[in-house]
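So you can see what is in the structure, the chains are spelled out below.
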Amino acid sequence: MKQAVVKLTAIFLVICILTGCTPAQKTPAQKTPVQSQRTFASLKYTRPDMNDLEFFVRRVAQAVQGGNTRNEVVDYINNFYEAYDSFYTNFYLASIYHDIDMQDEYWQEEYAFCSSAAAQVDVLLDDMYRALAQSPMRVSLESPALFGEGFFDSYLEESPYDEGYMILAEEELRLENLYYELCAEYAGDGLEASAYYTIHGPQLAQVFADLIAVRQDMADYFGYDSYPQLAYDMYHYREYTPRQTEKYMEQLGQELKSLYTDALEDNRWNWSEVSSNEEKTFAYVKKAAEAMGGVMEEAFKRMETGNFYHILSDGNKYDGGYEVYLTAYRVPFVYLKTNDVNYDKLAFAHEFGHFVHDYVCQGTYASTDVTEVMSQATEYMSTVYAQDRAAESYKLIDGLWVLVEQACYTAFEIRAYSLKEGELTPDGLAQLFEAQLPLFLQPQRPAY
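Small disclaimer: the values here were computed from a predicted structure and weren't measured.

Trainee: Could you clarify how one ought to interpret the overall build of the chain in this entry?
Mentor: For the chain, the helix and strand inventory stands at 15 helices and 3 strands. Looking at the chain as a whole, 51% of its 448 residues qualify as buried. The contacts of the chain with a sequence gap of at least 6 include a subset with a gap of at least 24, amounting to 75%. Accessible surface for the chain amounts to roughly 22,000 Å². Of this, 51% is attributable to carbon and sulfur atoms.

Set out below in structure tokens:
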């Protein structure tokens, strides 16, 4: 049976939805080499040298003002891009190894270094674009073959990334890291969900509340009424507003809550909790990919032969799943902590869908509004091509869960960023979440 939503659970599941973690989009000025044929074990981690990135930005700024040719300037820009890609590749490698064993002190230190430097790296990218925007070479660089017309328009204004911003960004990062450190510390408790949230919930919720407060300060700093408005504009580049999202979430709740409530007792949920293991999970997705053929089969073979995945359940692993693109090596990687149940098969299929997208597009930036299309589609397709009717039936009802519960979490998160100082407490967050549940859950039917 699918468990009903319990008090506070959603608070911890949605903490990072609004921020995203996609790197800044680059331009056709950067060449795209062929995909690497390396294995994951051959990829070497090196702590990034921030001096290199700073040097390349200065060289670009000097070149556009110093009489260099456009081709020379483009070469300097590509030097910075290579250093930028190297930074994020090493950052992601440190993150992967850190997440595989969150108790490893070496990878704790390397991950902390890279994550603390990430804001500075993106500021350097912004500095380079502003130097190009102010240069006499701007029009030439905005040719269709390079950056494109109007690329530098938004970089003509004064940069918002000053010392005040960096202070807020560093505090935001500190709280995010603290949240994950606490999760890692509590991961070995072996508690059931209800006991886990009863014992650890208040402390985790307090970190979330502190994070909301810092992000609201960031919104004020940039002149926005709320952090969701800032995130939609600066991070997601959306053409709709948080209020429009709220109205859409409300409509989902009104239209689907009756179906959702009835489905909570559906026996199709049982499939996801049937015992499984990593070998069965891997074989399920492999069978589906081979049956699909084409680029799906090709991508799976690349993932398998290069060992660009980690799907074990044991150890001190970060409890979650994701896919990242290792840009410097032109190859994706899938991470998943499994739970030795059937649901792992769909979770792995989901991340493999992201893998295929990045394998084909070579890490090209995609809006967060469309990045889930390939992953969700691969989940659905896997049930058919793996010829697992029970999984197919489960996924249909799971799709209803995704629509209703994620709508509930998203609506809660947007509203959480509107809480005032006195309301922004663990109890205040819990009360806010409970207050909106009737929108998504049907009242209990009376017994006759």
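From this point, things continue past the structure.
Trainee: Any chance you could explain the pairing of strand β3 (residues 331–336) here in plain terms?
Mentor: Within a regular strand, side chains alternate between the sheet's two faces. Where burial is concerned, most of β3 is hidden: 6 out of the 6 residues are buried. Judged from the 6 bridges that link them, strand β2 (residues 321–326) and β3 form a sheet pairing that is antiparallel. For Glu323, the partnering residue across the bridge sits in β3 and is Val334. Where β2 hands over to β3, the hairpin turn is made up of 4 residues, of which Arg330 adopts a positive phi near 55°.

Trainee: Sorry if this is basic, but what is going on with a nonpolar patch on the surface here?
Mentor: Taken together, the side chains of Met381, Val384 and Tyr385 make up a nonpolar region of the molecular surface, amounting to roughly 250 Å² of accessible area. Relative to the assigned elements, Met381 resides in helix α13 (residues 371–385).

Trainee: I would appreciate a short explanation of unusual backbone geometry in the present structure.
Mentor: With the exception of glycine, most residues fall at negative phi, and the peptide bonds are largely trans. Not every positive phi belongs to a glycine, and Asp340 is a case in point at roughly 60°. Position of Asp340 among the secondary structure elements: in the loop between β3 and α12 (343–361). Although it is not a glycine, Gln362 adopts a positive phi angle of roughly 55°. Examined against the element boundaries, Gln362 turns out to sit in the loop between α12 and α13.

Trainee: What am I meant to see in the packing of α13 against helix α14 (residues 389–416) here?
Mentor: A pair of packed helices can be characterised by two numbers: the angle between their axes and the separation between those axes. For the pair α13 and α14, interaxial distance at closest approach is 8 Å and the crossing angle is 155°. As summarised for this structure, α13 and α14 are arranged roughly antiparallel, according to the angle between their axes. Between α13 and α14 lies a crossing whose hand is left-handed. Facing α13, whose interface residues are Gln376, Glu379, Tyr380, Thr383 and Val384, α14 presents Ala391, Glu392, Lys395, Asp398, Gly399 and Val402. Classifying every residue of the contact of α13 with α14 gives 4 nonpolar, 3 polar and 4 charged.

Conventions and cut-offs
- Residues numbered from 1 in each chain as written.
- Predicted model: local features only at pLDDT ≥ 70, side-chain atom pairs only at ≥ 80, totals over all residues.
- Heavy atoms only, no water.
- Helix = DSSP H or I, 4+ residues; strand = E, 2+ residues; numbered from the N terminus.
- Buried < 20%, exposed > 50% of the residue type's maximum accessible area, 1.4 Å probe, protein only.
- Contact = heavy atoms within 4.5 Å.
- Areas by Shrake-Rupley, 256 points an atom, 1.4 Å probe, with all protein chains shown as cover.
- Pairing = 2+ DSSP bridges.
- Patch = residues over 30% accessible without salt bridge, like charges linked within 9 Å, V, L, I, M, F, W, Y side chains within 5 Å.
- Salt bridge = Lys/Arg side-chain N within 4 Å of Asp/Glu carboxyl O.
- Axes fitted to C-alpha atoms, helices over the stretch in contact; angles between N-to-C directions.
- Parallel < 35°, antiparallel > 145°, perpendicular 65-115°, else oblique.
- Left-handed = near helix turned anticlockwise from the far one by under 90°.
- Nonpolar A, V, L, I, M, F, W, Y, C, P; charged D, E, K, R; others polar.

Shape is all these values report; function is a separate question.
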